[in-house]
Amino acid sequence: MLSLTVFAPLVAAALLLAARRLPDRVVVWAWVVVAAGEFALTVALWVTYDGEGIGHETDRPWIPGAGAAYHVGVDGLSLPLLALTAVVFLMCAVHTLRREGERDVRRFAALFLALETTCLGLFAALDLILFFLFFDLSIVGMYLVIAGWGHGARAARSALRFFLYTFVGSLALLLGFIGLYAASSPHTFDLVELTADPPLRGEGAGGALVLLAVCVGLAVKTPTFPFHTWLPPAHTDAPAAGSAVLAAVLLKMGTYGFVRIAMPVLPDAWRTYALVVVVVGVVSVLYGALVALAQTGFKRMVAYTSVNHMGYILLALGAAGMLGGGDTGTRTVAVSGAVAQMVSHGLITGALFLLSGVLWDRAGTYAMDAFGGLAGPAPRFAALTALAAFASLGLPGFSGFVAEFQIFAGSLGPAPVPTALALLGILVTAGLFLRALHRVFLGPPGSATAPVHDLRPAETWSVVPLLALSVAVGLAPRWLLDTVEPAARRVVELVSR
Amino acid sequence: MDPLALAPELLLLLGAVLTLLTGSYLPRQRQWPARLIAALALVGSLAAAVVQAAGDDRMVYAHTYAVDGPTHTARVLVPLAALAVLALSVERTRGDRREAEFSVLVLLGSLGSVLLAGASDLLVLAVAYLLASFPLYALAGWARDARGAEAALKTYLLGALLGITLLLGVTLLYGLAGATDYAGLRDALGGAPRAALAVGVVALLAGLLFKAGAVPGHFWVPDAATGATVPAAAFLTTVPKIGGLIALARVLLAVPDSVVDWRLLVAAVATAGMTLGNLAAFGQRDPLRLLGYSTVGQAGYALMAVAVAGREDALRGLLFYLAAYALTNVGAFAVAAALPTRTTLGAYRGLGRHRPWTTAALAVCLLGLVGTPPTAVFVGKLTVFSATWDGGLAWLVVVAALNTVASLFYYLRWLAPALTPGPPETAPVEDARPWASTTAVGAAAATVALGVAAGPVLAVLPDGLLR
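Cut-offs and rules
- Residue positions within a chain follow its written sequence, with the count starting from 1.
- Naming scheme: in the order in which they are written, chains are lettered from A and ligands are numbered from 1.
- Restriction of local features to residues with pLDDT of at least 70 applies here, the model being predicted, together with a cutoff of 80 or more for giving and counting side-chain atom pairs; totals for whole chains, interfaces and linings are based on all residues.
- Note: side-chain values were computed over all heavy atoms of the structure, leaving out hydrogens and water.
- Points on a 1 Å grid over protein atoms alone make up a cavity when a 1.4 Å probe fits among them but cannot get out, and a pocket when they form an open set with protein on both sides within 12 Å along at least five of seven lines; lining residues each have an atom within 4 Å of a point.
- Grid points are joined across faces, edges and corners, and a volume is the space filled by probe spheres set on the points.
- Under the DSSP-based scheme used, a helix requires at least four consecutive residues in state H or I and a strand at least two consecutive residues in state E, with every element numbered from the N terminus.
- Should any heavy atoms of two residues lie within 4.5 Å, those residues are counted as being in contact.
- In this description, buried area is defined as the sum, over both parts, of the accessible area (probe of 1.4 Å) that is lost when the two are combined.
- The salt bridge definition used is simple: a Lys or Arg side-chain nitrogen within 4 Å of an Asp or Glu carboxyl oxygen.
- Only protein chains enter the area calculation, which uses a 1.4 Å probe; residues under 20% of their type maximum are buried, those over 50% are exposed, and those in between are partly exposed.
- Pairs of strands are assigned from DSSP output, requiring at least two bridges between the strands.
- The disulfide definition used here is simple: a pair of cysteine sulfur atoms within 2.5 Å.
- Every axis in this analysis is a line fitted to C-alpha atoms, fitted for helices over the stretch in contact. Angles between the N-to-C directions lie between 0 and 180 degrees.
- Working rule for angles: under 35 degrees goes down as roughly parallel, over 145 as roughly antiparallel, 65 to 115 as roughly perpendicular, anything else as oblique.
- In a left-handed crossing the near helix is turned counterclockwise from the far helix by less than a right angle, and in a right-handed crossing that turn is clockwise.
- Neither His nor the chain termini are counted; the positive set is Lys and Arg, and the negative set is Asp and Glu.
- Two N or O atoms form a polar contact when they lie within 3.5 Å of each other; inside protein one atom must be a possible hydrogen donor and the other a possible acceptor, and for residues adjacent in sequence the pair counts only when both atoms belong to side chains.
- Here a pair means two rings of Phe, Tyr or Trp (six-membered ring of Trp) with centres within 6.5 Å. Their orientation is stacked below 30 degrees between planes, edge-to-face above 60, and tilted elsewhere.
- Nonpolar cores were defined as sets of buried Ala, Val, Leu, Ile, Met, Phe, Trp, Tyr and Cys residues, with membership established by side-chain atoms within 4.5 Å.
- For a helix, the expected span equals 1.5 Å multiplied by the residue count minus one.

Q: Where do I start with the layout of surface pockets in this structure?
A: Empty space left among the atoms is revealed by rolling a probe the size of a water molecule over them. All names here are of chain B. Approximately 590 Å³ is the volume found for the second largest pocket. Looking at the second largest pocket, it is lined by 26 residues, and the ones nearest its centre are His72, Thr73, Val76, Leu77 and Leu461. No other element matches helix α3 (residues 69-88), which puts eight residues into the lining of the second largest pocket.

What follows is the structure, encoded as structure tokens:
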């Protein structure tokens, strides 16, 4: 069933490409139906997962000569992300139902469906080469989305920059994978085997270099300071649905890689350099927040808050690797907070990017100074954006609070000073979101206020479920954390051995 | 004596003769039967090779020629690549005065490349080198225009010069070992004087690096890629590499690395090749010249496997890499052959809108050359990199990874305009070239298929050779 879930969108994409004569409405509805089916499948995967180890596993030889296999499976780390992926892609499909839908909808839908396969495949992969395959193909797919459907004069340039950065990062990742392969005996790319018997234990230089290669590759994708410079232009010039997927799902590939690969397979090196990870995380938190504060464009500001939010995840994962101070329980809280943050950020930032698309659709600009007083003509838009903004700054009652509270509670013991510094990030984020809401929705109307009318049903219904899920996690987090926590504890055990 | 042992090679030779004769007697506008005969000869050679591959590996003709896994691979790869070249050349060569000659030269060049791959004796190697080189000179100048003449002259001068050094190397090794067959060399060279052996190996290497189009024998490659006709360039940059690199692995394995550290030498040459090829490709505005330099870089990656030849998975990786490279490179050249008037990178702008299939083929081939999964070159790189790391040359893998990063930039300089909407830099005058574009799409599909089905293919490929 897992393989079906992963590859069904790809098949649908091929069918859509082959069906040249379909009217656009039919295409989008077909896309919505497939995406909804995918969501149902991921929910079914989650419900039928028995909570122990790896479920729904398939392990077939693929390139035995090269040590690569088609090995997929799910556990508490991947299930929430698989479900998140399915939700976000479904909402993108719904979003495209609006009247100003993208041009050349057939290819747009096919591309997104193919992209969905790469995202689901990555979160299900238990083989490094399979992981790398989906990692690279997601880059190619997102490049095509930005270059083909981006707006703004520099879309092609931004797409190229995104591609170069993340692709170069992926090559560093591959180098690290080959290092792991060469160091393991018998040679294998299998994550389960590598986790059970980690190579490069105790050899200082080898483990450190391989960890460096893997981390650089993942950090570019995440992105953390100083590898984040591709992110703002890519987000600004991507279509709304593209931005939503990029922020909500593609960025998680980086952070998921840390939890899935870097920590369990290179435990010694991770513990040795945990402080570096923490520092990079804190710098990302503060830098992302401060730069976001200085932005004049709404979408660019949201893009920078992603850097800030990803920084919290690194802080937690680094803290979980720091021995001394904090027992297994505390560190488990940090890791499960990091996973919750991935889900939470996906829901909230996905919603924010879909909402920011409204500004461009109506007025052709993101400049916050051009707007003002939007709450009057567009009350639903204002209300939903305000909700998303409050969720993003970590207000209790939303998923962001659950995640960030766990991160801080778990990290405070092992890394008190960095955690205290990172707390400042919350303050700045709160300030910047309030300021943005103030500039866009309150006050006298700006030059671009006139053409903005309220949300269409498709736009409303693409955002409401995301925020509803965020509230659901925020009010009753157990259904999520009960799945995540055992896996998080396992990661902590693996990294402390 | 077993005349049938060389059936695939003989079929190529027979095909060349028949094509030449048929071409001479046919009117200029109806030369297609000659091409058909050439294609049939290639298919026949391929079939014979497959039949023989099922049999036992053995040495034939007094231990001078190996009928073993690497030879079988070359016997399959070379005709396949040649068939693709014949297909993509249809529009360019049809109706030309020398249409049949093109097919003949392709057949003879293929024959030379296969013989190079199978040679297990220094004298056979020397003969195969000459046989593999002369058709290439003619092929480079096939169009008989000024650029073709330059391409032919450059190829010829370098080929002749490095051919002489190859003969010098053969002489030296023979003098040192008292034998010319590789088994004899292996036994006798253990106690050879180091300096003399080193000179001999370097001289021999130079000739074979010319065939592989690798640094330092690469100077002809960019000129041949731009000066020769596109189909000829596709052949020149693909087929000789197959024979040259297998021959290199064979002959080096006959030299004990305890006496002369040829592994380090090859690793250095590989480093120089990929770095130089990639750096030189950066500034190119002509897609063909860019591809030319890219093939120099690609030869560098393949040489990594030669540097660790004899160790686990190295030979298998080399053979897979050659197969993947040949498919992908022919595909990229086929795109250029389908769009002959787009001679600058900027002229590809907006291609995606008008030619979605050709653009998709271009994207797959160029991303393939970078090494993007799931294309074949990715698996090729993966196996070669792993074998090299395993073989103790981890630094070379790091160099190669850095070079892969660098290569990304120039491949994208070509791909990005093609995917960007907008008018091209110069308005192309285009007629449909169905043969060339179909070849491009076919090669692109094949490189993905080979990548996905890499498991069984790798299992079939041999990891050792006979001596």
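On we go.
Q: What is the right way to look at the interface of chain A and chain B in this model?
A: For an interface, size is often stated in terms of accessible area lost upon the parts coming together. At the interface, 33 residues of chain A touch 35 residues of chain B. When chain A packs against chain B, the two sides together hide about 2,800 Å² of surface, and 79% of this comes from carbon and sulfur. The three residues of chain A that bury the most area against chain B are A:Leu171, A:Leu175 and A:Ile178, which together make up 18% of that side's buried surface. Where chain A packs against chain B, one counts zero salt bridges.

Q: What's the story with the environment of B:Leu136 in this structure? I'm lost.
A: All names here are of chain B. Position of Leu136 among the secondary structure elements: in helix α6 (residues 122-140). With relative accessibility at 2%, the residue Leu136 sits in the buried group. For Leu136 and Ile246, which are 110 residues apart along the polypeptide, the C-alpha to C-alpha distance reads 18 Å. Residues contacting Leu136, with those up to four places away along its chain left out, are Lys211, Phe235, Leu236 and Pro240.

Q: Looking at this structure, I do not really get the pairing of strand β2 (residues 68-74) of chain A. What am I missing?
A: On any regular strand, side chains alternate: one points to one face of the sheet, the next to the other face. Residues and elements named next belong to chain A. Judged by how many residues are buried, β2 sits mostly within the fold: seven of seven residues are covered. Alternating positions in β2 separate into two faces, Ala68, Tyr70, Val72 and Val74 on one and Ala69, His71 and Gly73 on the other, with burial throughout. Where strand β1 (residues 55-63) meets β2, six bridges bridge the pair, whose relative direction is antiparallel. Directly across from Thr58, in β2, lies its bridge partner Val72.

Q: Mind showing me how you'd approach the state of the cysteines here?
A: Working definition: the covalent bond between the sulfur atoms of two cysteines is a disulfide. Residues and elements named next belong to chain A. The final tally for this structure, using the stated rule, is zero disulfides over all chains. Residue Cys92 stays outside any disulfide, its sulfur separated by 10 Å from that of Cys119, the closest cysteine. In this structure Cys92 comes out as buried when scored by relative accessible area, which is 0%.

Q: How do you make sense of the environment of B:Leu42 when you look at a structure like this?
A: Residue and element names in this part refer to chain B. With respect to the element layout, Leu42 can be found in helix α2 (residues 32-53). A sequence separation of 36 residues divides Leu42 from Val78, and the C-alpha atoms of the two residues are 8.9 Å apart. When near neighbours in sequence (up to four residues on either side) are disregarded, Leu42 contacts Leu12, Pro79, Ala82, Leu83, Leu86 and Leu107.

Q: Is there a simple way to think about the packing of helix α10 (residues 240-265) of chain A against helix α14 (residues 328-363) of chain A in this case?
A: Packed helix pairs are specified by the crossing angle of their axes together with the interaxial distance, meaning the distance between the axes. Residues and elements named next belong to chain A. Direction vectors running N to C along α10 and α14 enclose 165°, while the axes themselves pass 7 Å from each other. The angle between the axes of α10 and α14 places the two elements in the roughly antiparallel class. Handedness of the α10/α14 crossing: right-handed. On α14, the residues touching Ala240, Ala241, Ser243, Ala244, Ala247, Ala248, Leu251, Lys252, Thr255, Tyr256, Val259 and Met263 of α10 are Val335, Met342, His345, Gly346, Thr349, Gly350, Phe353, Leu354 and Gly357.

Q: Help me understand the side chain of B:Asp121 in this model?
A: Residue and element names in this part refer to chain B. For Asp121, the location among the structural elements is in the loop between α5 (99-118) and α6. One buried charged residue, Asp121, forms no salt bridge at all, with the nearest opposite charge on Arg467 at 12 Å. Side-chain polar atoms of Asp121 contact the side chain of Thr180, separated by 3.0 Å. Sequence-distant contacts of Asp121, defined by excluding residues within four places in its chain, comprise Thr64, Thr180, Asp181 and Tyr182.

Q: Hey, could you run me through the packing of aromatic side chains in this one?
A: We describe a pair of aromatic rings using the distance from one ring centre to the other and the angle between the two ring planes. Residues and elements named next belong to chain A. Across all of its chains, the model carries 30 aromatic pairs over all chains by this definition. Their ring planes at 65° and their centres at 5.4 Å tell us that Phe381 and Phe441 sit as a pair that is edge-to-face. You can see Phe381 sitting in helix α15 (residues 379-392) and its partner Phe441 sitting in helix α17 (residues 416-441), a full 60 residues away along the chain. Residue classification places Phe441 among the buried residues on the basis of a relative accessible area of 6%.

Q: Help me understand the pattern of salt bridges, please; the structure alone is not making it clear to me.
A: Note on pairing: side chains with opposite charge can pair once their charged atoms come close. Residue and element names in this part refer to chain A. Tallying each qualifying case throughout the model produces 17 salt bridges over all chains. Where Arg380 meets Asp454, a salt bridge forms, and the shortest distance between an N and an O atom there is 3.5 Å. Placement of the pair is Arg380 in helix α15 and Asp454 in the loop between α17 and α18 (457-475), with a sequence separation of 74 residues. In this structure Asp454 comes out as buried when scored by relative accessible area, which is 14%. Among the ionic pairs, Arg478 bridges to Glu485, the shortest N-O distance being 3.0 Å. Of the residues examined, Arg478 reaches a relative accessible area of 42% and is grouped as partly exposed.

Q: Even after reading the chapter, I still don't get the nonpolar core, so can you show me in this structure?
A: In a soluble, globular protein the nonpolar side chains are often hidden away together inside. One finds A:Phe177, A:Trp270, B:Leu303 and B:Met304 to be the most contacted residues of the largest nonpolar core, which totals 365 residues. At 19 residues, helix α14 (residues 314-338) of chain B tops the list of elements feeding residues into this core. Apart from the residues within four sequence positions on either side, A:Trp270 is in contact with A:Leu211, A:Cys215, A:Phe258, A:Ala262, A:Met263, A:Val277, A:Leu317, A:Gly318, A:Gly321 and A:Val495.

Q: When you look at helix α13 (residues 298-321) of chain A in this model, what are you seeing that I'm missing?
A: Across its 24 residues, α13(A) extends 36 Å between first and last C-alpha, which sits within 8% of the 34 Å expected from 1.5 Å per residue. Burial analysis of α13(A) places 23 of its 24 residues in the buried class, the great majority of the element.

Q: Just to check I follow, could you spell out the environment of A:Phe398 for this structure?
A: Residue and element names in this part refer to chain A. Mapping Phe398 onto the fold places it in the loop between α15 and α16 (399-412). Along the backbone, Phe398 and Leu475 are 77 residues apart, and their C-alpha atoms lie at a distance of 6.8 Å. With residues near it in sequence (within four places) discarded, Phe398 still touches Leu387, Phe390, Ala391, Ser470, Val471 and Gly474.

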